[in-house]
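# Architecture at a glance
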Amino acid sequence: GIDEDKYSELANSIDTIYHNAAWVNWLLPYEALAPTNVEGSRRILGFAAEGRLKGVNQVSTLAVFPQDGAIYAEDHPLTHGGSLLGGYAQSKWCEEYLFHQAASHGFPVRIFRLGFVSGDSVRGHGNPRAFVDNFIQGCIQLGVCADLNFPISLAPVDYVTPWGDTYHISNPDSLDLRELVECLNVE
């Protein structure tokens, strides 16, 4: 979207890229999300290699691992072979695979894997379009909640801070969705 001269100027002057652009949609299939999430990341890596080599800080998701109750450490390889739930997780897995391949070829890459990020710990202000926020609001409005056994790991946005090369940014003390609903007194 920018002219060639400006692109070249940026490619030779920028030293670090922070990439957290993605199409987050839990309902669409991989084919719908891949052009944005996977191809967009491929373009970021192309730009990182253009001119001066640039470090890339990639925001990913813990959804790149199966939601099977297992604990996956930061250094766990993406070769788990598990089935991933939905196109978003699948596209982020492919995107992250690209960044791991780039790192194996000398690109300076850091990956930040987010769980569910909630509002800040003081006022609760957060993203009003976030999945968990909308789910809770829907339960309150309806006065009922589906009987789901789904662990929710909420980390307040002001606690989300990085350290290392690959980061799982989530609350290690997950809460079962049933417990969360019981806290809200929604039946």
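Refer to the preceding data block for the structure.
Along each chain, the written sequence defines residue order, and numbers are assigned to residues from 1. Confidence filtering applies because this is a predicted model: local features only for residues at pLDDT of at least 70, side-chain atom pairs given and counted only at 80 or more, and all residues used for totals across whole chains, interfaces and linings. Where side-chain values are given, they derive from all heavy atoms of the structure, hydrogens and water being excluded.

## Some remarks on the overall build of the chain
Labels follow the DSSP assignment, with helices taken as runs of H or I lasting at least four residues and strands as runs of E lasting at least two, numbered in each case from the N terminus. Along the chain, the regular secondary structure elements total five helices and eight strands. Burial status follows relative accessibility: with a 1.4 Å probe on protein chains alone, a residue under 20% of its type maximum counts as buried, one over 50% as exposed, and anything between as partly exposed. Across the 187 residues that make up the chain, the buried fraction comes to 32%. Pairs of residues are marked as contacts when any of their non-hydrogen atoms sit within 4.5 Å. Nonlocal contacts in the chain, meaning residues at least 24 apart in sequence, comprise 74% of its contacts between residues at least 6 apart. With the model as given, the accessible surface of the chain reaches about 11400 Å², and the carbon-plus-sulfur share is 54%. Surface accessibility follows the Shrake-Rupley procedure with a 1.4 Å probe radius. Residue values consider only the protein chains on display as shielding.

## Topic: a nonpolar patch on the surface
A contiguous nonpolar patch, built from V24, W26, L27 and F131 and spanning about 460 Å² of accessible area, is present on the exposed surface. Structurally, F131 is set in helix α4 (residues 131-142). Residues enter patches when they are more than 30% accessible in relative terms and free of salt bridges; like-charged ones are connected within 9 Å and nonpolar ones (Val, Leu, Ile, Met, Phe, Trp, Tyr) within 5 Å. Should a side-chain nitrogen of Lys or Arg be within 4 Å of a carboxyl oxygen of Asp or Glu, the pair is scored as a salt bridge.

## Let's talk about the side chain of R113
Counting through the fold element by element, R113 comes out in strand β3 (residues 109-114). Overall, the relative accessible area of 0% leaves R113 in the buried class. A 3.5 Å cut-off defines polar contacts: any pair of N or O atoms within that distance qualifies, except that in protein one atom must be a possible hydrogen donor and the other a possible acceptor, and neighbouring residues in sequence count only when both atoms are side-chain atoms. Among the polar contacts made by the side chain of R113, one reaches the main-chain carbonyl oxygen of E74 at a distance of 3.4 Å. Side chain to side chain, R113 and E96 meet in a polar contact 2.3 Å long.

## Remarks on the nonpolar core
As used in this record, nonpolar core signifies buried Ala, Val, Leu, Ile, Met, Phe, Trp, Tyr and Cys residues forming a set joined through side-chain atoms within 4.5 Å. Within the largest apolar cluster, 14 residues are counted, with the highest numbers of intra-cluster contacts made by I17, L45, A48, V56, F99, F107 and V109. For this core, the secondary-structure elements that each account for two or more residues are α2 (30-49), α3 (86-104) and β3. Sort the elements by how many residues they give to this core and α2 lands first, with five residues. In this structure, F107 is in contact with L45, A48, A49, L53 and A102, ignoring residues within four places of it in sequence. In terms of nonpolar packing, the next biggest core, distinct from the first, is built from five residues, V132, I136, I152 and L180 among them.

From the geometry alone we can't say anything about function, so treat these as descriptive.
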